Every structure is written in structure tokens, then in C-alpha cells.
Amino acid sequence: MHEDPDADTDTGTLRTLGGESEEIYEVIFREMADAVFLIDVERTGDDYTFVFRRNNASHRHQTGLSEDEMRGQTPRELLGDEQGAAVAANYRRCVEKGDTIEYEETLGLPGGTSHWQTKLTPITEGGRVTRIVGVARDITDRKEREREMKRLHRRFETVLGTMSAAVFLKDTDGRYLMMNRACRELFDVEEQDIVELTDDDLLPPAVVEKARADDRHVIENGETIEIEETVPAATGNTVRLTRKSPVYDDDGEVVALCGVSTDITGQKRRERELQRLKERFELAVEGANLGLWDWDMTSDEVEFNEQWARMLGYSPDEIDSRIEAWERRVHPDDLDRVEDALDDHMAGETDLYETEHRMETADGRWKWIRDIGKIVERDEDGEPLRAVGIHLDVGERKEYERALERQRDNLEVLNQVVRHDVRNALQLVLAHADILEEYVGDDGEAHLRRILEAGREAVDIIRTAGDVTKVLLRSEAERTAIDVRPILEEQVDDARTSHERAIVSIEETIPNVEVLADDMLESVFRNLLNNAIVHNDKELPTITVSATAADEAVRICVTDNGPGIPDDQKERIFDEGEKGLDSQGTGLGLYLVRTLVDRYGGRVWVEDNEPEGSVFIVELPTCE
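Note that the structure is a prediction, hence the values are computed from the model and not measured.

**A word on the pairing of strand β2 (residues 47-55)**
- Summarising the sheet, strand β1 (residues 35-44) and β2 pair through 8 bridges and their orientation is antiparallel. Bridging from a neighbouring strand, Asp-40 pairs with Val-51 of β2.

Listed below in C-alpha cells is the structure:
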């Protein structure tokens, strides 16, 4: 393009529109916010040559191209071969169409790469297009927003695709517009085009009716609702928690409905199971008359159930929930013991807080309570926050225990009387029988010997029965370290005195070892020796006592030459009342032996002796 002639031509062309029109169009050209440019079109054979003539201020500002830089330049000269060829192709399309065209293009310009929405309008003179008016709008920001929206849309689709909740979108006529993968799987339409589907295509009529009513409520009222519903699915009925929300357009009109449905089948099943467990627990608590307490240890407030209050003669409303009120109800003589047990548990020294103590009832009486609790919550520093427990009325049991204690005391007195008086009477019989030996002839000697043996056996039976009674009636005594050898030697001497016809010996190698036992240890050895003699069928019973110590234990053996014990009776003979091979005795001796040996943490058993007889073996742990 050339300066003056072309400018005159432009001016002359505009002047044909009239002076006033020239000024109006010039103002419009100059002041338009859109980028405006003019292009001369020249026909060269079968092709066209496009030359830039003018651009307005907005075009210069947005592109960075001054009017001087553009004037007289072809698209290739101004924009380069590749970019210029693309621009020229659009100009050619406008000329060949002879009408306005619109398109979007991306151009690399001095001001940077930008996106444009361009509109080309041809100007025809004498039946041919001589110029093109271009109007371009920079849409770079809009294109960036569109790209961002596409990125967000892809991310949103990814989120929807990975969500376990079923998400769907419906129009206001109930037609599905979108479903995520979880929703497609729910309705078993993974491969199906869901657009235009309705609930009629997916659900039973009864469910459809309810779903439509819910949809109408959301659309008509613009409210978000949350409902529980049972939805038939490919894998069976599922319980869903569905949230339905309205979707608005730019004018605030509801144009669609969005739903998010979560499967809560497992949750509802757990809730039902929890409810059943709660009902069973409450039934068990009520049936067992258990008082429950729940102590907030940060505020010292305690919650009690109805049974707890009723146990003390109160109604729940009459119970003061402060821990101090509970402490005031505990019997003063029991309070220190209760507090010690609680302190030990709070310090982590015991698994449970457990005591038996008295509590004052509404009518001023004292009731025995078994109190069991546990700290169930601690803070990060290990400080207790909450404890729960139970109260159990043990008044009847305590009364029964007191009755048993009285009965035990009475039996103990009776036992002492019987042992003392009957044994003294027998001892008197034996003493007179011994005197009679000088006056009885040969014919009566055998009878007198039987009287003496029966009397001595009766004394042993009374002693054994007394020992059994003592073991059964009294609590386990505190054990102390006792040397085994002196006890064995003393019992061997007693057996020799009581049973003159037997040979009872003790080996000299008996070790001096101590075991943890009580004053009943002598009964173990006495009864083993008596058993070996009484149940011996030989004319001359021979009994040997031996002992060895090894592996933190001492093993005492009582060996006899009697008839032996069949294998099928070796275990039974230690049972209460088992008399062994014959009917002599009470069957209490060996039962007492096992009871005491078990108490001392040992064991007792019987083996065969060679060539005949038995070996009773007692093994006791030695003191460290």
C-alpha cells in the first residue's frame, strides 16, 4: 500500500457514502473495542492476493502490530509462511463464499500467542470482492477458562468414577442425563446408553412411585432432601442413604436434579445387630439384677441405671450423681479398703477394680455389694477419663457364708469332742488290754491281740478322720519351710510302736531338705505308712522309707511287700472313700494324702515293687 494515493482512494470511497457517513464510520472504526482491520483483495489469475491496509487502535493494542507494520504486508510477509498460509486460507474462503464467515484461530503475534474469534465480511464493488473487513475478539482468557473447565471436568469425572457412592443427574422430567460407574453397576447398565432412561426402566413400580414423589418435592420446592430407601440391585436389595439436590441455571430456575446414593446395607445390619445385642444386654442386666455405673472421671459425675438405685431402695431420681455421694454410702469400715482397690486399679497395678463392701440403703440398713469396674478410657498421658462397672447384691451369699461359718465352727467343736473323748476311751481300753496280757492264757492270747490291733487301728482311724475334717473345714493354712527328714523319722517311730508285728525301717541317706508345707505334712507320711501295714497280707509286713533330692524336688518312697495294686486301681485308690483291695479302713487315708500333696504343689502316685508289693511315691517341690 502507498501513502497518499491509497489514502485518497479510501477517502474517496468513504466520501461516496456522504460526508456525515464518513465521519460516523470513521469514529466507529477508530473507537470499537474489538480489533478491526481492512484487507485489500486483488485477483491474480486463479488465486488472490491479500494485503493489509489498516487496523484500528484496539487491534494495534491487542496484537502489538502498528498500522505502519501491517500496511502493505501480505499474511505470509507479516505472519510467516505457515501461519500466514492458514490466515490467507480463511480470507480466500470469505471471498469465494461472498458472505460473512466466523471462525476461531490461534496466532503468534508480537504481543504473544493469543486466541481470537474472527469475523470476516467481504466488500463487493462492481460484482467482485475488493476488500475484507475483519473484526477480531481476543478470547485467550475465555479459552484458558475453557481449558481449565475441561481439566476440572476430567478430574470431576475421575472422582465420580472412583466414588463408591452412586451419583446421577436427571432432568426435570425424570430422564437420566448422567450416571457414574457405581450408579451404572447398581442398576446393571454398565454398557448401556443411559440418556433418556427413566426410573420406569430401572426400578419396580412401587419404588418408582416413591422416587418420583421425592424428585417432585426437590424440583418444586428447591429443597435438598435425604432419604433412606431400599433399592433393588443386580446383587439383591440394598439399603441406600440418598441425598437429592436441585440444580439451577443462571436465572435461578431448577433445571435438573442431582442425587448421591450411599450403600448403608452393612451399616443398617450392624445397627440391627447392635440393637439386638443391646436388648439382650438389658434383659441380662435386668434378669441378673445388675446395677450399672458409668463414671466420668474428669467431672466426677456418675450415671446409674434403675437396678443400681433400686438395689439400695431408691428411685433413679433420688440418686445424687456425684462421686462424693457414692463414697458417703460406703460403710466407714470398708471405705479405706475400697479406695485402696480403686487406687491400685487407677495406677495400672490390677486389671480390674473389685471389692466387696457394705452400702447404706434408703432405710438405713447395710447391704453387702460386690463392686467390679474397669477404666475404659485414658488420655494421651495415661490419666483415667472414664470407668464403668457393676454392683451385685451379695447379701444372701454373705448370710449363707456366715451360716456356713457357724456350722463349720460347730462341726469343729464336735470333731474335737469326738476325737478327744472317743480316742481317750479307746486309749483306756488299750491300756487295760495291755494289763490283761499277764492274766490271759494261751487260749485267749489270740483274741486279746486282735482287740489290741483293732483298738490301735480305731485310734488311727479317729486321727485320720480328724485330719480330713480339719482339712475340709478350715481354709488353707499359710505354708512355711519344713525339714522333711525329722518328720519322716518321727512317723516311722510311731508306726513301729503302733504296729509291733511290722518291720518298718528308714534309710540313713534321707536328705535334709525343706519343703513348703504346714502342720498337716506329718499326716501324709503317717497315712502312707499305715496303709502299707494295714493292707499287707504277709505274716511279717516289711516297710522301707527312702528319699532322694534332685531337680528342685524331693521324692519320698514308701515301699512294702504286700499284695500289690492292680493297674486299673492305681489311680482310683486316691479317691475319697476308696478302700482298696479289702474292706478294712475308711478309705480316707489316701484321699487325705492326695489332697494335702496337691495343696503343697506336689504329686503322688503308686508303682509296682519288685518282686512283690507296692511303692507309694510323693514328690514335693523344695524351697529355693
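**Focus: a nonpolar patch on the surface**
- On the surface, Ile-435, Leu-436, Tyr-439 and Val-440 cluster together into a nonpolar patch covering about 400 Å² of accessible area.
- Here Leu-436 is to be found in helix α14 (residues 395-436).
- Looking at Leu-436, the relative accessible area reads 43%, which means it is partly exposed.

**Points about the pattern of salt bridges**
- Taken as a whole and judged by the stated rule, the model has 49 salt bridges.
- Note that Asp-171 is salt-bridged to Arg-175, the shortest N-O span being 3.0 Å.
- By relative accessible area, Asp-171 is classed as buried at 13%.
- Each of Arg-54, Arg-60, Glu-67, Asp-68 and Arg-71 takes part in one network of salt bridges that share partners.

**Some words on the sheet that holds β1**
- Ordered in space as β2-β1-β5-β4-β3, the 5 strands form an open sheet in which the pairing is antiparallel. At either end of the open sheet lies a strand with only one pairing partner, and these are β2 and β3 (101-109). Going across the sheet, the axis of each strand differs from the next one's by a mean of 35°, ignoring polarity.
- With 6 bridges joining them, β1 and strand β5 (residues 128-138) adopt antiparallel strand pairing. In the sheet register, Val-36 faces β5, and the bridge partner there is Val-135.
- Contacts from helix α6 (residues 81-97) reach β1, β2, β3, β4 (112-125) and β5 within the one sheet, and its direction differs from that of β3 by about 160°.

**Quick look at empty space enclosed by the protein**
- The tally for this structure, following the rule as stated, stands at 4 cavities of 30 Å³ or more.
- In this structure, the second largest cavity occupies an estimated 190 Å³ of space.
- Along its surface, the second largest cavity is lined by 17 residues, and Phe-37, His-59, Tyr-91, Glu-105 and Leu-107 are the ones closest to its centre.
- When residues of the lining of the second largest cavity are assigned to their parent elements, the largest contribution, 4 residues, is made by β3.

**Let's talk about α6**
- Along its 17 residues, α6 runs 24 Å from first to last C-alpha, staying within 8% of the 24 Å computed at 1.5 Å per residue.
- Those residues of α6 that fall on the buried side of the exposure criterion are Gln-83, Gly-84, Val-87, Ala-88, Asn-90, Tyr-91, Cys-94 and Val-95. Along α6, the residues classed as buried sweep out an arc of 155° about the axis, all on the same side. Seen from the buried face of α6, the exposed residues on the opposite side, beyond 90 degrees, are Asp-81, Glu-82, Glu-96 and Lys-97.
- Along its buried surface, α6 packs onto β1, β2, α5 (75-79), β3, β4 and β5.
- Downstream of α6 by one or two residues, Gly-98 has phi in the positive range, about 70°.

**Considering a negative patch on the surface**
- A surface patch of negative charge is lined by Asp-296, Glu-301, Glu-303, Glu-324, Glu-327, Asp-336, Glu-339, Asp-340, Asp-343, Asp-344, Glu-349 and Glu-377.
- Contributions of two or more residues to the negative patch are made by β12 (301-304), α12 (323-329) and α13 (332-346).
- Considering every element that reaches the negative patch, the biggest residue donor is α13, with 5 residues.
- Looking at the element boundaries, Asp-343 is found in helix α13.
- Note on Asp-343: relative accessible area 46%, which makes it partly exposed.

**Some remarks on unusual backbone geometry**
- At the junction of Glu-610 and Pro-611, the peptide bond is cis and its omega measures out at 5° in the coordinates.
- Located in the positive-phi region is Glu-196, a residue other than glycine, with phi close to 80°.
- Within the fold, Glu-196 resides in the loop between α8 (181-187) and α9 (205-221).
- Classification of Glu-196 as exposed rests on a relative accessible area of 52%.
- Its identity as a non-glycine residue notwithstanding, Glu-552 has a phi of 60°, on the positive side.
- Position of Glu-552 relative to the elements: it lies in the loop between β19 (542-550) and β20 (553-560).

**A closer look at the pairing of strand β7 (residues 176-179)**
- As defined by bridge partners, strand β6 (residues 166-171) adjoins β7 across 3 bridges and the pair is classed as antiparallel. By the bridge assignment for β7, Phe-168 is matched with Met-179.
- Adjacent in sequence and paired antiparallel, β6 and β7 are bridged by 4 residues, among which Gly-174 carries a positive phi angle near 85°.

**A closer look at the packing of helix α16 (residues 484-498) against helix α17 (residues 521-534)**
- One can describe the packing of α16 onto α17 by two numbers: an axis separation of 9 Å at closest approach and a directional angle of 35°. As α16 runs across α17, the sense of the crossing is right-handed. Of the residues in α17, those in contact with Val-484, Ile-487, Leu-488, Gln-491, Val-492 and Ala-495 of α16 are Glu-522, Phe-525, Arg-526, Leu-529 and Ile-533.
- Classifying every residue of the contact of α16 with α17 by side-chain character gives 8 nonpolar, 1 polar and 2 charged.

Rules and cut-offs
- Residues numbered from 1 in each chain as written.
- Predicted model: local features only at pLDDT ≥ 70, side-chain atom pairs only at ≥ 80, totals over all residues.
- Heavy atoms only, no water.
- Pairing = 2+ DSSP bridges.
- Helix = DSSP H or I, 4+ residues; strand = E, 2+ residues; numbered from the N terminus.
- Patch = residues over 30% accessible without salt bridge, like charges linked within 9 Å, V, L, I, M, F, W, Y side chains within 5 Å.
- Areas by Shrake-Rupley, 256 points an atom, 1.4 Å probe, with all protein chains shown as cover.
- Salt bridge = Lys/Arg side-chain N within 4 Å of Asp/Glu carboxyl O.
- Buried < 20%, exposed > 50% of the residue type's maximum accessible area, 1.4 Å probe, protein only.
- Axes fitted to C-alpha atoms, helices over the stretch in contact; angles between N-to-C directions.
- Contact = heavy atoms within 4.5 Å.
- 1 Å grid on protein atoms, 1.4 Å probe; cavity = no way out; pocket = protein on both sides within 12 Å on 5 of 7 lines; lining within 4 Å.
- Points joined across faces, edges and corners; volume = space filled by probe spheres on them.
- Expected span 1.5 Å × (residues − 1).
- Arc of directions from axis to C-beta.
- Lys, Arg positive; Asp, Glu negative; His and termini not counted.
- Charge placed at Lys NZ, Arg CZ, Asp CG, Glu CD.
- Left-handed = near helix turned anticlockwise from the far one by under 90°.
- Nonpolar A, V, L, I, M, F, W, Y, C, P; charged D, E, K, R; others polar.

The analysis is restricted to geometry; functional conclusions fall outside its scope.
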